[in-house]
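# Results of the structural survey
So you can see what is in the structure, the chains are spelled out below.
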Amino acid sequence: MASEDIQQPNTPSMAGTSGASGQRLSADDFARRFRDSWRVLWCIAAGELGDRSGAEDIVQQAAVVALERLDDFDPSSNFLAWMAQIVRFTAKNEVQKVRRRRTSAADPVAIDASRSDDREHHDHRHAMPISRAGNLLDDQAVFDDHVLTALRSLDVVARSCLLLRVVLDSPYKEISLVLGIPQGTAMSHVDRARRALREHLLARQDRPAGGASR
Amino acid sequence: MTDARENIHELIDAYLDGRLSKEQHARLLDLSRQDHSVAAMMDAARRAEASLHRSFTLPADVPLPTSIERSPTASGPSLRRPTHPPAARKAGFLRSRPRWMYAAAAAILLTGALAYMLNSGMGGSWLIPSTSARPGPTAAGVYAALKKKSFRPAFICENDEQFASFLAERFGHGAVIQRADNVRIVGWDYADGLLGEATAVILALSEGKNIVLFVDESRCKRSIAPPGNGMNMHRAVVNGLLFYEISDSAEPVVLPLIRPAPPILGGQ
């Protein structure tokens, strides 16, 4: 968690304008502030990606970008907010790149086969999840997969809000600052995201074992 | 009906966020005892939170990818590109490993391939471990995870009756912890999969030291490995419940305070 006081961020510019105060952050200061901030940045990256794998790379890529754009940053403004925006841009770019790489020709046979695979996969999952009392019946890994699936179905901002709140116990003031949204909106996102996760888990529990395809 | 359900959702959201007053908390606990669907919602919510903690464990560190050097002639810091910038890190993985690692990797692959061939021929599956299996949690791992989140409980019981009821609902046997000046029960957490699906964890504090207790049914005859790393484990059976106490104390602190709860407390 960043130890610095939460201030309003300067508007992060990716276009190479000078910092408003005309001062430049020193390398040591950058390293120190980065060390204070990486946990929040990592959570934002994980929220954007919907996964923890890749989050570390995104934060490091963002650090490289930030170092190259250090002249843009006004040291009197909020470092965390500035870095958070760079992390979000970097992660969005990465997600788009991956999406483009995944685009492939639609072979009807392949599509049909993958649908069939999906069905079997889902049937196996529906048979598992949690008992009436919410107890885990099968292995934890499958339960975690359900939660991740539900998490990925959320809006990116809601996902980031939830991860910052649950994983880091970030105050809403900080969530609001790093994601550039009002505090009340951050709180609504967290509540709605939590509700969506539990409804997803309970809905799976209520589905008949074996799935509808049999 | 819809309003009532909406109200319960709001209560659960506030509970998870630590925004409930004592009265609201008691009301929610009452509701969960009376209505199984509320209890299921609360349990699903707690488990989802625990799952998020597991799935999004922070890395130990995210180091800066570049070395920043102060050039003797330049007025400010100069940036040197990393040897393996993040985007190329995966490609650079092989380059940075010594040759003996390739040999070890090749040997592992060869062994795996051989095992697979033998396995296919014999029609069994004993040689190939499941790739989907994850290593099970250990007491030390659970302790470390709790430490990472500053031993903050997932939920608390406000009195002995709630405490005993929770144990009774989960394990079929109730117990309470007697009050003592040097021990404070902080609350509960989960350790899914350590001993079984119902494993519960009690967090306690004694003279500034954190104590973790794992609870299981004694008839299950399961055991957990001692955590090591200077931590001690003590165990005791009370009223059909098996408690493991883990701390750095040489003697058990909480175990001697555990007493069976009257059956009435454990009832629904």
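How each quantity is defined
- Residues numbered from 1 in each chain as written.
- Chains lettered and ligands numbered in written order.
- Predicted model: local features only at pLDDT ≥ 70, side-chain atom pairs only at ≥ 80, totals over all residues.
- Heavy atoms only, no water.
- Helix = DSSP H or I, 4+ residues; strand = E, 2+ residues; numbered from the N terminus.
- Buried < 20%, exposed > 50% of the residue type's maximum accessible area, 1.4 Å probe, protein only.
- Contact = heavy atoms within 4.5 Å.
- Areas by Shrake-Rupley, 256 points an atom, 1.4 Å probe, with all protein chains shown as cover.
- Axes fitted to C-alpha atoms, helices over the stretch in contact; angles between N-to-C directions.
- Parallel < 35°, antiparallel > 145°, perpendicular 65-115°, else oblique.
- Left-handed = near helix turned anticlockwise from the far one by under 90°.
- Expected span 1.5 Å × (residues − 1).
- Core = buried A, V, L, I, M, F, W, Y, C linked by side-chain atoms within 4.5 Å.
- Domains from an automatic or database assignment.
- Polar contact = N/O pair within 3.5 Å; in protein donor to acceptor, adjacent residues only side chain to side chain.
- pLDDT = per-residue confidence, 0-100.
- Nonpolar A, V, L, I, M, F, W, Y, C, P; charged D, E, K, R; others polar.

### Topic: the overall build of chain A
The secondary structure content of chain A amounts to 8 helices and 0 strands. Counting from the amino terminus, helix and strand elements in chain A follow one another as α-α-α-α-α-α-α-α. The proportion of buried residues among the 214 residues of chain A is 50%. Sequence separation of at least 24 residues holds for 74% of the intrachain contacts in chain A that already meet a minimum separation of 6. Counting only carbon and sulfur atoms, one obtains 48% of the accessible surface of chain A, whose full area is about 10100 Å².

### Topic: the packing of helix 1 (residues 27-49) of chain A against helix 2 (residues 55-68) of chain A
Residue and element names in this part refer to chain A. Look at helix 1 against helix 2: their axes get within 8 Å of each other, and the N-to-C directions meet at 130°. In terms of their interaxial angle, helix 1 and helix 2 are classed as oblique. Note that helix 1 runs across helix 2; the crossing there is right-handed. Within the contact between the two elements, helix 1 uses Phe30, Phe34, Leu41, Trp42, Ala45, Ala46 and Leu49 and helix 2 uses Ala55, Glu56, Ile58, Val59, Ala63, Ala66 and Leu67.

### Focus: helix 3 (residues 36-55) of chain B
Its 20 residues place the ends of helix 3 of chain B 28 Å apart at the C-alpha level, agreeing with the 28 Å of an ideal helix rising 1.5 Å per residue. Within helix 3 of chain B, 15 of the 20 residues are buried, which leaves it mostly tucked inside the rest of the structure.

### Brief notes about the nonpolar core
General note: in soluble globular proteins, nonpolar side chains tend to be found buried as a group. By size, the foremost hydrophobic cluster in this structure holds 56 residues, and its most contacted members are A:Phe30 and A:Trp42. Elements that contribute at least two residues to this core include exactly helix 1, helix 2, helix 3 (79-102), helix 5 (140-152), helix 6 (156-168), helix 7 (172-179) and helix 8 (183-206) of chain A together with helix 3 of chain B. With 10 residues, helix 1 of chain A is the single largest residue contributor to this core. Per-domain counts for this core show at least three residues from each of domain 1 (22-106) and domain 2 (121-207) of chain A. Ranked by size, the runner-up nonpolar core spans 39 residues in total, among them B:Leu16, B:Leu20, B:Leu28 and B:Phe243.

### Description of the environment of A:Glu199
Following the sequence through the fold, A:Glu199 ends up in helix 8. Side chain to side chain, A:Glu199 and B:His9 meet in a polar contact 3.1 Å long.

### Some points on unusual backbone geometry
Residue and element names in this part refer to chain B. Its identity is not glycine, yet Glu207 carries a phi of approximately 50°, on the positive side. Residue position: Glu207 is located in the loop between strand 5 (200-206) and strand 6 (209-217). Exposure remark for Glu207: the relative accessible area of 70% places this residue in the exposed category. You will see that Asn239, though not glycine, has its phi angle at about 50°, which is positive. Among the structural elements, Asn239 can be located in the loop between strand 7 (232-238) and strand 8 (241-247). Looking at Asn239, the relative accessible area reads 33%, which means it is partly exposed.

### A look at the confidence of the model for chain A
With 67% of its residues at a pLDDT of at least 70, chain A reaches an overall mean of 75. Here residues 209-214 of chain A scores under 50 on pLDDT; set against residues more than four positions off or in separate chains, the count is 9 contacts.

### Comments concerning the packing of helix 2 (residues 22-34) of chain B against helix 3 of chain B
Residues and elements named next belong to chain B. Where helix 2 meets helix 3, the axes come as close as 5 Å, and the angle between the chain directions of the two elements is 115°. In this structure, helix 2 crosses over helix 3, and the sense of that crossing is left-handed. Mapping the contact onto sequence places Leu28, Leu31, Ser32 and Gln34 in helix 2 and His36, Val38, Ala39 and Met42 in helix 3. For the contact of helix 2 with helix 3, the residue count by class is 5 nonpolar, 3 polar and no charged.

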